[in-house]
Amino acid sequence: MGDRAAVMPGKDCVKVAVRVRPFNKREKDAGSRCVISVVSNIITIQDPRSVQVPRSFCFDYAYWSHSGFTRDCSGLYVPEEPGGRYADQDSVFQDLGKGILENALQGYNATLLAYGQTGSGKSYSMVGYGPNKGLVPTLCDRLFQAIRANQDSRQCQVFFSMLEIYNEQVVDLLSRGSRAPGGLRVREEQQRSFYVEGLRRVPCDSAPQVEQLMEQGTRARTTAATHMNANSSRSHMLIILQLKQIFSKESITKQSNINLVDLAGSERQRASGSEADRLKEGTAINLSLTTLGHVISALADVAAGKKVVHIPYRDSVLTKLLQSALGGNSRTVMIAALSPADICYEESMSTLRYADRAKRIQNRPVVNESPTERLVKELKAENARLVQRLSRLGHEGRRAEDETMELRRLLTHNELQIRAIQMLWEQHQQEALKDWEQQYAAITQERRMMQMHPYLLNINEDTQLSGVVKLFIQDGDWDMGLSDSSPRSISIKGLGIQDRHAVFSNVQRRVYLTPMVGSKVIVNGTLISQKTELQHLDRLILGSNSTYLFIGYPSERGGDDWSRYDYDYFQSELAAAKGIHLHTLCEEETKGDLGLCPGNTNPSLLAVFYDYIKLMPMVADANQMSQELQKGVEFKLEIKNLALSDSKGHDLEKVLAIRVTSQENKQVWLWSKAKFVNRKFLMEELYQQHVEITGGPDRAPMPRDRDPFWDPLEPLLLGSAHLWLQSLAFRISLEEQLEVLGSEGTEEAILQVQLLPCSPTGLPLGEDDILIDPSLLLGKRLDFQLVLDQCCGIRWVKQARNRGIQIGFRMYDSARPFYTPAVWHSINPLLGQRVHFTALHTSQGLLEHLQTSALVLELWGLQEGCSDLESSEVGVRKTPDGFFIIDQTEVADTAAIVPPVSEVSCSMRALQLYVEELGNTNAVLRTENNTLKEQLNTARTEGGRGRPDRRDSSVRPSCEAEFARALKVFYHSMTSVRGQLQRLRRNRPSEDSDLMALRLFVEEQSGLLCDFSVMHEQSVSALKQDVAAIVRRKRERSGIWP
């Protein structure tokens, strides 16, 4: 008998709430700035890198939970002042959870979606921590309160289900048996729409029972994530509460589903802007979230009156199960969680746009009711009539034998149907009671063990999955690994875990850890290979990335705060052991400051650091999968542009990249973060297939073009060198040996170059052509040649002789970059490249560029099989002689904005002040030069009045030539000074320096400073002496002054 539905008039829009969380520890340590504000139900966000007008969004609810709160004696977070703006857990429930509960009690389907980037506070709003209970536990508690309050008028039945969607597979988190390969199937019925076949439904009669089931599901989720090498932040978790209300008097049954959905982390990838992965992005792992976005966009278009042909519900498992919640039979609420930190601006902005589209969706909720009690009565009445009819047929003889058998079959069917309706709930309750008793016994045993023995506590990226698994270390030796064949073994699963991975020894209340040969064991960030005694709260990483916190005996525990040892703490500690932490990056950013710089750190720098911490475990997983799949590929994190600058000398934006190296043939790739994350998901799919067919028939090898571990070879940027162009403004030739510095400041090669001012025919200029005043070039033709002579000591070719290099550069406003021909198999190749540039009418923009900028010469690495970089002449103008024309249009000043530099180390700050002082000295010298030039002009004028023209004409070129030679000597000497300054900037102490090493560093730095001061003073003094001598000779020749 079909259900009947009471259709509500009109439509019901999805209600959207946005909640802003406090800064987390990482953001506080980094001095993050809040870029989000909330006024009423309007939320405003400001781009930290732009001064544009901030964007504002309006939602049904906007919660400010960032500040203005305190913690009371019971641990609850409450507003600092009564009526304060802080939104606590209870106020969120009153607005959102209470409405969901009321809708469910009225017979409507209700859905709560939690959306946001990983770590934005979704889990806190949904589940909560400690006494600060979230929406789900509070909703369950209020539900059973309502059931008890209305038990006289209705009979209520509550069923609980919990599932996870990962990689388009549905996992029943309450299943008693082993996980089925491929997960549970999603089917469709006309009345039930989409549902999960075989999903376990557990009857519940109290909130504590629901809480226990959630803990059971969380434990299963943690175990499944470990076994599948899955990242919980990329999985969706659904809790389904089915509420059935039987109204005896009205003979009506109302049944509603409450769907509580914690969606996967929604963080978007920072677009590198240059490459798209050749392999399809949006793999099965990303498919559900991507499809959900498409569904929401399509439904928003429908609500706006646009014609939409297709809404892609069927394209993913998640959207199939949420079809009724989005545009269907449900009253739906979405809560979007935001981080207010400037480093999370892109993700927060993406979340706000997503939520803004979702609020336009219109649903069509109906009350789901059916005449269940009436059905039972009708079945009983029909059975009574069948019994009477059978008795009459018994007296009519054999003629009615066939009809009698049919009536008996109908009678049996009706009795079974009645028994199923009446007994199903009782049977479910009895089964649930048995499970409850078993779980209670297990919990009691676990708590007793915690008070007797040390144990390992699992730590997960998802805080809801941390602290779920406890591995107890009792007296004696215990083998830990994949194998559980021995009675004294502790079985753990995970990537990189061996059958017998390590041995834990508990002897006389002291616990020791001994790694097995070939196993990876890290304690407190350090890889160990020998027997090590564990201390309370030691951090362990087993295999690729199985993280555990060691909890000692109860007598050792005291009142320690374990909460600070979260997943980020493990990864930050591991990164620090490798020499990567925020302080290091700050030193690079401030060009040598050695202190902390949390207050003014560049947001892009912080984003790179946090990306590094986040990608570290992913890189470890990728390396382990490469090893087990015998791919022979190694992955390594790199921070691009850590020591590189642009043509103005300003730091380039730091970008995270992954260096991929083939161990067999030394081929190298450099992947962006976005490409690596996409490939990591594809690797997981490939690895899971490998695990599932282990022991079965051999699988055909994957074609190379579909292999996520492989890519076509491309040229790699190895480093760059700066050739300052200031000498061209004076038409002085320059010959340099430039250091080519890699991304992390390593010397990649030495490049020998020349910058030669020349005539329009290419002939070199002499000293008589040197200009004292660069402004004399304005409006005139300027010709010069760039000569690339040789590249020496190329580290790229030293590592593998089958490699080659090219030099690339872009001169001023050239439309395309220029590349030298490829040179192969040589560590010290001769380049012999000469390029002639011409400015037909030198503009003020070009003149300023020559005086303030450098030509950035890029060193590109080539590998066998990759294409050379070619110079394109599209948009490039040439003279009839084939010379390249620059300075084609007057350009605006494009001086980069210097990022704020933090106050850090006193000694290095003193160096910075000293450099500024030297700059001021140079300015004074320039003023003095101008004064001398005016004196010369005066002498020239007065000499013309009282002397013959012949003498003036002889003195003038002589003085100008002497000035030109003096300037040439000065600029060449200043090149050495500049090199010394660069060495000072790059010189830093190592991270693990002790006091003695720091003293040696200070002495070395003092020596470099002294050398710098002497070189600068010598250069300036020589210039002063030359100028004074020239002036003196000028006076003597003119005969005006004695």
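Residues numbered from 1 in each chain as written. Predicted model: local features only at pLDDT ≥ 70, side-chain atom pairs only at ≥ 80, totals over all residues. Heavy atoms only, no water.

A.B. asks: For the overall build of the protein chain, give the residues involved together with the corresponding values.
C.D. replies: Within the protein chain, the regular secondary structure consists of 21 helices and 46 strands. Within the protein chain, the fraction of its 1042 residues that count as buried is 50%. Within the protein chain, contacts between residues at least 6 apart in sequence are counted, and of these 71% link residues at least 24 apart. Approximately 50,200 Å² of the protein chain is accessible, and the part contributed by carbon and sulfur atoms is 50%. (Helix = DSSP H or I, 4+ residues; strand = E, 2+ residues; numbered from the N terminus. Buried < 20%, exposed > 50% of the residue type's maximum accessible area, 1.4 Å probe, protein only. Contact = heavy atoms within 4.5 Å. Areas by Shrake-Rupley, 256 points an atom, 1.4 Å probe, with all protein chains shown as cover.)

A.B. asks: How would you sum up the environment of Ala 749? Please name residues and give values.
C.D. replies: Mapped onto the fold, Ala 749 is located in strand S39 (residues 747-758). Setting aside residues up to four positions removed in sequence, Ala 749 forms contacts with Leu 738, Glu 739, Val 740, Cys 791, Cys 792, Gly 793, Ile 794 and Leu 859.

A.B. asks: Explain the sheet that holds strand S34 (residues 633-640) to me, using residue names and the numbers behind them.
C.D. replies: Taking strand neighbours across the sheet as the criterion, the three strands line up as S34-S35-S36 in an open arrangement whose pairing is antiparallel. Both outer strands of the open sheet, S34 and strand S36 (668-672), are each paired with one neighbouring strand and no more. Taken pair by pair, the neighbouring strands of this sheet meet at an average axis angle of 30°, ignoring direction. Here S34 pairs with strand S35 (residues 655-662) via eight bridges, running antiparallel. Bridge assignment links Leu 637 to a residue of S35, and that residue is Ile 658. (Pairing = 2+ DSSP bridges. Axes fitted to C-alpha atoms, helices over the stretch in contact; angles between N-to-C directions.)

A.B. asks: Account for the pattern of salt bridges, with residues named and values stated.
C.D. replies: For the coordinates displayed, the defined rule picks out 22 salt bridges. In this structure, the salt-bridge partner of Asp 356 is Lys 359, at a minimum N-O distance of 3.1 Å. Relative accessible area serves as the criterion here: at 16%, Asp 356 is assigned to the buried category. A relative accessible area of 26% places Lys 359 in the partly exposed class. In this structure, Asp 711 and Lys 675 form a salt bridge, with 2.9 Å as the shortest nitrogen-oxygen distance. Here Asp 711, found in the loop between helix H15 (673-692) and strand S37 (716-724), pairs with Lys 675, found in helix H15; they are 36 residues apart in sequence, far enough to count as distant. (Salt bridge = Lys/Arg side-chain N within 4 Å of Asp/Glu carboxyl O.)

A.B. asks: With reference to specific residues and values, describe the pairing of strand S33 (residues 546-551).
C.D. replies: Within S33, six of the six residues are buried, leaving the element largely enclosed by the surrounding structure. Of the two faces of S33, the one holding Ser 546, Tyr 548 and Phe 550 and the one holding Thr 547, Leu 549 and Ile 551 are both buried throughout. Direction of pairing for strand S32 (residues 539-542) relative to S33: antiparallel, over a ladder of four bridges. Bridge pairing in S33 links Ile 541 to Thr 547.

Everything listed here is a matter of geometry and, on its own, says nothing about what the molecule does.
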